[in-house]
Amino acid sequence: MSAGTYTPRPGAAPLGRMIAAQTALETRMLLRNGEQLLLTVIIPTLLLVLFSAVDVVDTGAGESVDFLAPGILALAVMSTAFTGQAIATGFERRYGVLKRLAASPLPRWALMTSKTLAVLVTEVLQVVLLTVIAFALGWSPQGNPLAVLLLLVLGTAAFSGLGLLMAGTLRAEATLAAANLVFLLLLVGGGVIVPLDKFPDAVQSVLGLLPIAALSDGLRDVLQHGAAMPWGGLGILAVWAVLGLGAAARFFRWE
């Protein structure tokens, strides 16, 4: 046995391994949280089933599920990337978890990357579940899968940036109240269930610039109407993503 076989070799693990481990931890924490499951799984599923089965809202010609499914997918992205992430990160900041993680070998940007990757993993599970339920309700999607993927990724980036900005600048209790309030307001006024053309013209032009409206209408253009690439919605989401992530990086407070 050569000398030095048992010599300790302290040091940080490779960056990729640290990000993967933190992503796995963040994902488990998301899936174990009852409130998170309510926001990310139960509420979108109930809304999809309820409004597809009961003719409460005029969704235009065709099956209700063809209009509702894209909007519910957009709601699932918002509930995970914005509402859930803002609340969880806000309380981690309050309890000093982020402060301790910031002192670890994992860089701060890598921690934020892990959180975003955990959101993406959760969204994949949401999309699969909601798609299966929508098919069972008679959904018949069409369009370009690449366009759908781009919309979901940009929507995630936009909502993730806004969620981290809120969690990093407000108190945890304020984040909890504000994130839930924004969720409810955008559920009603973001084109998720109620079509934007039901609102006055002046209001429509403002609501159409919101990230939830851009995502839900973009998904609807592709999946319901067969549009090739909804450049308008993609552009709006890209602007929100740049502004949200940039502001979060600039103003996020770790303590």
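Cut-offs applied
- Residues numbered from 1 in each chain as written.
- Predicted model: local features only at pLDDT ≥ 70, side-chain atom pairs only at ≥ 80, totals over all residues.
- Heavy atoms only, no water.
- Helix = DSSP H or I, 4+ residues; strand = E, 2+ residues; numbered from the N terminus.
- Buried < 20%, exposed > 50% of the residue type's maximum accessible area, 1.4 Å probe, protein only.
- Contact = heavy atoms within 4.5 Å.
- Phe/Tyr/Trp six-rings, centres within 6.5 Å; stacked < 30°, edge-to-face > 60°.
- Lys NZ or Arg CZ within 6 Å of the ring centre and 35° of its normal.
- Axes fitted to C-alpha atoms, helices over the stretch in contact; angles between N-to-C directions.
- Parallel < 35°, antiparallel > 145°, perpendicular 65-115°, else oblique.
- Nonpolar A, V, L, I, M, F, W, Y, C, P; charged D, E, K, R; others polar.
- pLDDT = per-residue confidence, 0-100.

Concerning the environment of Leu152
Along the chain, Leu152 falls in helix H6 (residues 145–169). Look at Leu152 and you get buried, because its relative accessible area is 15%. Sequence-wise, Leu152 and Leu219 are 67 residues apart; in three dimensions their C-alpha atoms are separated by 8.5 Å. Beyond its immediate chain neighbours, meaning those up to four positions away, Leu152 contacts Val77, Val127, Leu215 and Leu219.

Describing the environment of Leu117
Mapped onto the elements, Leu117 comes out in helix H5 (residues 108–136). As for Leu117 and Thr27, which are separated by 90 residues in sequence, their C-alpha atoms are 8.4 Å apart. Setting aside chain neighbours within four positions, we find Leu117 in contact with Ile19 and Thr23.

Describing the packing of aromatic side chains
One pass over the structure, following the stated rule, counts two aromatic pairs. Geometrically, the ring pair formed by Phe135 and Trp139 is tilted, given 5.6 Å between the ring centres and 40° between the ring planes. You can call Phe135 partly exposed: its relative accessible area is 46%. On the accessibility criterion, Trp139 (7% relative accessible area) is buried. Note that Arg220 overlies the ring of Phe67, its terminal NZ or CZ placed 3.8 Å from the centroid.

Considerations on the packing of helix H3 (residues 64–94) against helix H7 (residues 172–189)
Contact geometry for H3 and H7: axes closest at 8 Å, N-to-C directions at 170°. Of the possible angle classes, the one that applies to H3 and H7 is roughly antiparallel. For the pair H3 and H7, the contacting residues are Leu75, Met78, Ser79, Phe82, Thr83, Ala86, Ile87, Gly90, Phe91 and Arg94 in the first and Ala172, Glu173, Thr175, Leu176, Ala179, Asn180, Val182, Phe183, Leu186 and Leu187 in the second. Tallied by class, the residues present in the contact of H3 with H7 amount to 13 nonpolar, five polar and two charged.

Overview of the confidence of the model for the chain
Per-residue pLDDT for the chain has a mean of 87; in total, 94% of the residues score no lower than 70. Averaged pLDDT values for the elements of the chain fall to 79 in helix H4 (residues 97–102) and rise to 94 in helix H9 (residues 211–223).

Observations concerning the packing of helix H2 (residues 34–53) against H7
The N-to-C vectors of H2 and H7 enclose an angle of 10°; their axes lie 14 Å apart at closest approach. One element, H2, and the other, H7, form an angle in the roughly parallel class. Touching Glu35, Leu39, Ile43 and Leu47 of H2 are Leu176, Asn180, Phe183 and Leu187, all from H7. Partitioning the contact of H2 with H7 into residue classes produces six nonpolar, one polar and one charged.

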